[in-house]
Amino acid sequence: MTSPFIEVKHLVYRYPDGTLALDDINLTIDEGEMITFIGQNGSGKTTFSKCLNGLFKPTGGDVIVDGHNSKTTPIVEMVRRVGYVFQNPDHQLFNSTCWDEIAYGPRNIQLAEEEVKERVEEAAHVVGLDKSYFKEHPFFLPKGLRQRVAIASILALRPRVIIVDEPTTGQDAQQSREIMDFLVELNEEHGHAIIIITHDMPIVARYAKRVVALGRGHILADGPTAEVFSHPEILAQTFIEPPQITQLAQRTQDQGFSPGTLTVEEMIAQYQQLTRT
Amino acid sequence: MSAVIEIKDYTWRYLYSPNPALENINLTVHQGEFIGIIGPNGSGKTTLAYSLNGLIPGQYHGIKQGGIKVLGKDVESYPTGALQKSVGVVFSDPEAQFTTMTVEDELVFGMENLGMSIPEIRERLEWVVELTDLSPLMLKPPYEISGGQKQRVALAAVLAMRPPIMVLDEPTSMLDPISRRRIFEVLAKLKREQRNTIIVIEHSLENLVPLADRMVLLHNSHLLLEGETRQFFEQMDLLLEKGLFPPGIMQFFHYLKQQGRYDGYLPVTVAEAAEKLTSLLEPAQEGKQ
């Protein structure tokens, strides 16, 4: 068996002011996984992500990415492997053209301009950003496109793992699905492991294969989505409740519905099964 | 019931924009009503919120037709600052409304501007801090706290002023599910106990639907659908076609209706849905035995 791409062992992280943010986290992530991190505001999701890409160094324990321990590996080497897309794309976009924005990372790791060009074109192609936008100022694009530029700027570093912090906040239902479908495509067709941080439980139910629930600096649950959502009492500890359709199935378990029901389609299929005569 | 907001043949086009942001809108809101406004991004929801508290036309250039009355008076006829005592708006971007260096100052700022007495400010501050669970953050700068915390501060600052009409533009988009439900419980309590009129713009419908008396769908600058909440969602196919996703339990019961298995109202809460589903299945399962 090959070793996991990311191994987190007894990770402890304290903020400079002494606050304990992460306490003995153990987790492995394989190449090509699709995971969501859930948990209440302030549960340590973002802090944990920043430990995964080496931006934060562990106070205790280890984060090992592709054989590199984050304690001893320069951040340049870490961010090539784990990319982090900010919750608000405007917090990460600062160049005056989309081209420069996407080229910034590759240039920063001192690649030859030839290769920078190749990577920018590749990343733009993957996110579906047309060449005609290359000279546009990113701030004048709609949010969906700004987010794609932000993701492209991370992709240009060719990380194997991409962490996307709350990609659907402020997006309407249709836009949310478009963004998620795009992340699934990155995962399935390009093989990136994708970690999504979100509060949107219907989105988790529809798209996640594995869910990690964080609360008070600990991992409260880690497993397939249906299994994690089957334990509302654990989720409540970190201020999460499953989507309403799952709650309905849980309240009608005696009638034969599965507590791990995730979508309306699954609910309908079970109803058809139960009422078949 | 008296009308607190009357929108009549209202059209607004931002200067330099080729198309109106809102076109020919008609809507009357009564005192104590809880209205949910939904629609895709770009459909005009935020423009409507700005039009209700005078930001439009006050702070934006554009061309207006028709009119909006708040508490019986045209929006434009209010002196600067007076309308905002009646209509409080919580913005979708909480940072847009922060002006001070600590969370506590942020919460007090609005009340001071209303000229309230210090004992009353203190009393309301305690009330709102308790309600929105902000006490550990009082001395922190608002720009240093997390997205969800910022959103709670923005909401608390408006709640503290207790405006009779509150317009909330995606007030919970960054909150975890239980904090989100709690904010909606606070709104329900204000409506019940103080007869506040509440207008909420939201993408996430699961918490909004059980509380809303009426729903409004904006689409491409037009008011496409409006009605009492349960009746509104009877138009399930139209809503799905317009790219909106009604709550899962409503979609499920809509399916049951289409199949002729159910003919009542669409349930708005999980408890209601569970009860109805149980009673639907019981006779069927007894029949099997």
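None of these values were measured; they are calculated from a predicted model.

The rules behind each value
Residues numbered from 1 in each chain as written. Chains lettered and ligands numbered in written order. Predicted model: local features only at pLDDT ≥ 70, side-chain atom pairs only at ≥ 80, totals over all residues. Heavy atoms only, no water. Helix = DSSP H or I, 4+ residues; strand = E, 2+ residues; numbered from the N terminus. Contact = heavy atoms within 4.5 Å. Patch = residues over 30% accessible without salt bridge, like charges linked within 9 Å, V, L, I, M, F, W, Y side chains within 5 Å. Areas by Shrake-Rupley, 256 points an atom, 1.4 Å probe, with all protein chains shown as cover. Salt bridge = Lys/Arg side-chain N within 4 Å of Asp/Glu carboxyl O. Buried < 20%, exposed > 50% of the residue type's maximum accessible area, 1.4 Å probe, protein only. Buried area = accessible area lost by both parts, 1.4 Å probe. Polar contact = N/O pair within 3.5 Å; in protein donor to acceptor, adjacent residues only side chain to side chain. Nonpolar A, V, L, I, M, F, W, Y, C, P; charged D, E, K, R; others polar. Pairing = 2+ DSSP bridges. Axes fitted to C-alpha atoms, helices over the stretch in contact; angles between N-to-C directions. Domains from an automatic or database assignment.

## Quick look at the side chain of threonine 225 of chain A
- Along the chain, the position of threonine 225 of chain A falls in helix H8 (residues 225–229).
- Leaving out residues up to four positions away in the same chain, threonine 225 of chain A has contacts with Val204, Ala205, Ala208, Lys209, Arg210, Val211 and Leu262 of chain A.

## Side note on a nonpolar patch on the surface
Residue and element names in this part refer to chain A.
- A contiguous nonpolar surface patch, about 220 Å² in accessible area, is contributed by Leu55, Ile75 and Val76.
- Positionally, isoleucine 75 belongs in helix H2 (residues 75–79).
- Overall, isoleucine 75 belongs to the partly exposed group, its relative accessible area being 35%.

## A look at the pattern of salt bridges
- Summed over all chains, the structure comprises 27 salt bridges over all chains.
- Glutamate 265 of chain A is the partner of arginine 206 of chain A in a salt bridge, and the nearest nitrogen-oxygen pair spans 3.5 Å. In this pair, arginine 206 of chain A sits in helix H7 (residues 201–207) while glutamate 265 of chain A sits in helix H11 (residues 264–275), placing the two residues 59 residues apart along the sequence.
- Between glutamate 120 of chain B and arginine 124 of chain B there is a salt bridge; the shortest N-O distance is 3.3 Å. Taken as a pair, glutamate 120 of chain B and arginine 124 of chain B lie in helix H5 (residues 118–132) at a separation of 4 residues, close to a single helical turn.
- A relative accessible area of 33% means that glutamate 120 of chain B is categorised as partly exposed.
- Assessed through its relative accessible area of 12%, arginine 124 of chain B is described here as buried.
- When salt bridges with common partners are traced through the structure, they connect Glu115, Glu118, Arg119, Glu122 and Arg158 of chain A into a single cluster.

## Concerning the environment of isoleucine 198 of chain B
Residues and elements named next belong to chain B.
- Inspection of the secondary structure assignment puts isoleucine 198 in strand E8 (residues 197–201).
- Overall, isoleucine 198 belongs to the buried group, its relative accessible area being 0%.
- Counting along the chain gives 34 residues from isoleucine 198 to proline 164, while the straight-line C-alpha distance between them is 8.4 Å.
- Setting aside residues up to four positions removed in sequence, isoleucine 198 forms contacts with Glu33, Phe34, Ile35, Met166, Leu168, Leu187, Leu190 and Lys191.

## Focus: the interface of chain B and chain A
- If you look at the interface, chain B gives 39 residues, while chain A gives 37 residues.
- In total, chain B and chain A occlude about 3500 Å² of area from one another, counting both sides; carbon and sulfur atoms represent 60% of this.
- Scanning the region where chain B abuts chain A turns up 1 salt bridge.
- For arginine 181 of chain B, the salt bridge goes to glutamate 241 of chain A, with nearest N and O atoms at 2.8 Å.
- For the pair chain B and chain A, the number of links is 8 residue pairs in polar contact (both at pLDDT 80 or more).
- Elements with a minimum of two residues in the side of chain B that touches chain A: helix H6 (147–161), helix H7 (177–194), helix H11 (248–258) and helix H12 (270–288) of chain B.
- Here the side of chain B that touches chain A gets 10 residues from one element, more than from any other, and that element is H12 of chain B.
- Within the side of chain B that touches chain A, the residues separate by chemical class into 18 nonpolar, 11 polar and 10 charged.

## Regarding the sheet that holds strand E3 (residues 34–38) of chain A
All names here are of chain A.
- On the basis of which strands lie adjacent, the open sheet formed by 6 strands has the order E6-E7-E8-E3-E9-E10 and mixed pairing. In this open sheet, the two edge strands, each paired with only one partner strand, are strand E6 (82–85) and strand E10 (218–224). When the angles between neighbouring strand axes are averaged without regard to direction, this sheet yields 20 degrees.
- Bridge analysis of strand E9 (residues 210–215) against E10 gives 6 bridges, and the strand direction is antiparallel. Looking at E10, one finds that arginine 210 is bridged to proline 224.
- Packing of helix H1 (residues 45–52) onto the sheet brings it into contact with E3, E6, strand E7 (161–165), strand E8 (193–197) and E9, and relative to E3 it is tilted by some 135 degrees.
- Each of E6 and E7 touches helix H5 (residues 143–155); the most contacted strand, E6, lies at about 165 degrees to it.

## Points about the domain arrangement of chain B
All names here are of chain B.
- Here chain B is described as being made up of domain 1 (3–246) and domain 2 (247–289).
- Once you take the C-alpha centre of each, domain 1 and domain 2 turn out to be 34 Å apart.
- With 12 residues of domain 1 in contact, the opposing surface of domain 2 contributes 14 residues.
- When the area that domain 1 buries against domain 2 is broken down by residue, the three leading residues are Arg230, Glu234 and Met236, summing to 48%.
- Inspection of the domain 1/domain 2 interface yields 2 salt bridges.
- Here glutamate 234 makes a salt bridge to lysine 257, at a shortest N to O gap of 2.8 Å.
- Where domain 1 meets domain 2, there are 5 residue pairs in polar contact (both at pLDDT 80 or more).

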